[in-house]
Amino acid sequence: MTKPRVAFFDFACCEGCQLQVANMGETLLDVLQAIDVVEFREVMSEKSDDYDVAIVEGSITTPHAVERIKEIRRKASVLIAYGSCATIGGVNGMKNNFNLDDIRGSVYGEQARYFETIPTRAIHQVVLVDYFVNGCPVYIPEFVKVLKSALSGIPYRVPDHAVCVECKLNENECMYDKGITCLGPVTKAGCNSWCVNNGNICYGCRGMVTNPAVDGQKDILEKHKIPLAWVENKMNMYNKACEPDREARLNVEKR
Ligand code: SF4
Ligand code: SF4
Ligand code: SF4
């Protein structure tokens, strides 16, 4: 039986999510039994224009990237946005806080005119996305689940409840009780509260839940005398690019 041909592509990103795949260990061997990887720049030199599934890491930040992702979309039957940079703009979205010419000048100096740039966009803000694997980096058990869904042609819905639910099930002590802000109450679950389990806070890398419990969050902040601005500042780290079109993104996910 012919295996589905799968290609990995990257745009503006740190490539950490691709590295997660390369480091999958034994699970990778199982995955490779089900697919033919025809392009994956981080681990092989072969390239191909013939693929069924495109797994796309990174945000769209240049006019050239817009054309390239459209071409990938045209060739792929299934497109998976892979990692926070791809699904919500991620850390690259912080660029959208600034004037583009100022940003370009501070990075490229006198050569700035040679480097075109556009506001950072997540993949679904440019082309249709079939599946989303959120997270910075992606959580491999979820990636495997999404890949299985994509190969079987069944939908995968990103969990839309708060990370706090998983955190409570994992019996972690709440960061707020230690006087530390955490974005778990407003962030989509699905990572098994990965960071908090390891002594860190949730930085909101999976994007905001559809209906964040805003009043509950404010009550927590008041109770612990933590300024709202601290939380807003943390939200800026991953969620800036998708702030204006959260509704559009949700509509795509509901298809
Ligand atoms: S989502 Fe995070 S780990 Fe993945 S490519 Fe972007 S910055 Fe790197
Ligand atoms: S606020 Fe953070 S630490 Fe507290 S329960 Fe939620 S995810 Fe866990
Ligand atoms: S705990 Fe928060 S920051 Fe960490 S992986 Fe999960 S959603 Fe991302």
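Calculation notes
All residue numbers here refer to positions counted from 1 along the written sequence of the relevant chain. All chains are assigned letters beginning at A, and all ligands numbers beginning at 1, according to the order in which they are written. The predicted origin of the model limits local features to residues at a pLDDT of at least 70 and limits the giving and counting of side-chain atom pairs to 80 or more, whereas totals for whole chains, interfaces and linings rest on all residues. Side-chain measures here rest on the full set of heavy atoms in the structure, leaving out hydrogens and waters. For this analysis, a nonpolar core means a set of buried residues of the types Ala, Val, Leu, Ile, Met, Phe, Trp, Tyr and Cys, connected via side-chain atoms within 4.5 Å. Relative accessibility decides the category of a residue: with a 1.4 Å probe and only protein chains considered, values under 20% of the type maximum give buried, values over 50% give exposed, and everything between is partly exposed. Secondary structure elements follow DSSP: runs of H or I no shorter than four residues count as helices, runs of E no shorter than two count as strands, and numbering proceeds from the N terminus. Neither His nor the chain termini are counted; the positive set is Lys and Arg, and the negative set is Asp and Glu. Whenever Lys or Arg places a side-chain nitrogen within 4 Å of a carboxyl oxygen from Asp or Glu, that contact is recorded as a salt bridge. Polar contact is the term for a pair of N or O atoms within 3.5 Å; when the atoms are in protein, one must be able to donate a hydrogen and the other to accept it, and sequence-neighboring residues count only if both atoms are side-chain atoms. Residue contacts follow a heavy-atom distance rule, with two residues in contact if any of their heavy atoms lie within 4.5 Å. Domain start and stop positions are those given by an automatic or database domain assignment. Put simply, buried area is the surface a 1.4 Å probe can reach on two separate parts but cannot reach once they are joined, added for both. In short, DSSP must find at least two bridges between two strands for them to pair. The axes used here are C-alpha line fits, helices contributing only the stretch in contact, and every angle between their N-to-C directions lies in the interval 0 to 180 degrees. Proximity criterion: a residue is near a molecule or strand once any of its heavy atoms comes within 4 Å of it. When residues are grouped by polarity, Ala, Val, Leu, Ile, Met, Phe, Trp, Tyr, Cys and Pro land in nonpolar, Asp, Glu, Lys and Arg in charged, and all others, Gly among them, in polar.

1. Here's the deal with the nonpolar core
Logical step 1: Formed by 47 residues in total, the largest nonpolar core has its most connected members in I69, I80, I123 and F143.
Logical step 2: Counting residues per element, this core draws most heavily on helix α6 (residues 140-152), which supplies 6 residues.
Logical step 3: Counting residues in each nonpolar core, the second largest holds 14 residues, with Y176, V186, I201 and I226 among its members.

2. A look at the side chain of E166
Logical step 1: Looking at where E166 falls in the secondary structure, it is placed in helix α7 (residues 163-169).
Logical step 2: Although buried, E166 forms no salt bridge, and the nearest oppositely charged side chain, R206, lies 6.3 Å from it.
Logical step 3: Within the structure, E166 has its side chain in polar contact with the backbone nitrogen of G190 (distance 2.8 Å).
Logical step 4: Among all residues touching E166, those that are not within four sequence positions of it are A189, G190, C191, N192 and S193.

3. Considering the domain arrangement of the protein chain
Logical step 1: Once the domains are mapped, the protein chain shows domain 1 (5-151) and domain 2 (163-254).
Logical step 2: Spacing between the C-alpha centres of domain 1 and domain 2 amounts to 24 Å.
Logical step 3: The interface is formed by 25 residues belonging to domain 1 together with 20 residues belonging to domain 2.
Logical step 4: With both sides pooled, the region where domain 1 packs onto domain 2 buries about 1800 Å², and carbon together with sulfur makes up 57% of that total.
Logical step 5: The tally of links between domain 1 and domain 2 comes to 1 salt bridge.

4. A few points about the sheet that holds strand β3 (residues 53-57)
Logical step 1: In spatial order, the strands read β2-β1-β3-β4-β5; together these 5 strands make up an open sheet with parallel pairing. Every interior strand has two partners, whereas the edge strands, β2 (36-40) and β5 (131-133), have only one. Sheet twist, expressed as the average angle between the axes of neighbouring strands with direction ignored, equals 20°.
Logical step 2: Strand direction decides the pairing type here: β3 and strand β4 (residues 78-82), joined by 5 bridges, are parallel. Paired with V56 across the two strands is A81, which belongs to β4.
Logical step 3: Lying on the sheet, helix α3 (residues 63-75) is in contact with β1 (5-10), β3 and β4; it crosses β4 at an angle near 135°.
Logical step 4: Seen against the sheet, α6 touches β1, β3, β4 and β5 and runs at an angle of roughly 170° to β5.

5. Considering the site of ligand 1
Logical step 1: Near ligand 1, the surroundings consist of C13, C14, E15, G16, C17, E57, G83, S84, C85, G135, C136 and P137.
Logical step 2: Those elements giving two or more residues to the shell around ligand 1 turn out to be α1 (16-22) and α4 (84-88).
Logical step 3: Grouping the amino acids of the shell around ligand 1 by side-chain chemistry returns 6 nonpolar, 4 polar and 2 charged.

6. What about the site of ligand 2?
Logical step 1: Taken together, C164, C167, K168, C174, M175, Y176, C182, G184, P185 and V196 form the complete shell of residues around ligand 2.
Logical step 2: The greatest single-element share of the shell around ligand 2, amounting to 3 residues, is contributed by α7.
Logical step 3: For the shell around ligand 2, a count of residues per class yields 8 nonpolar, 1 polar and 1 charged.

7. Re the pattern of salt bridges
Logical step 1: Counted by the stated rule, this structure contains 10 salt bridges.
Logical step 2: Note that E15 is salt-bridged to R41, the shortest N-O span being 2.2 Å. With E15 in the loop between β1 and α1 and R41 in the loop between β2 and β3, this pair connects stretches of sequence that are 26 residues apart.
Logical step 3: In this structure, the salt-bridge partner of K47 is E39, at a minimum N-O distance of 3.7 Å.
Logical step 4: In this structure E39 comes out as buried when scored by relative accessible area, which is 10%.
Logical step 5: Several salt bridges converge on common partners, so that one network encompasses D49, E71, R74 and K75.

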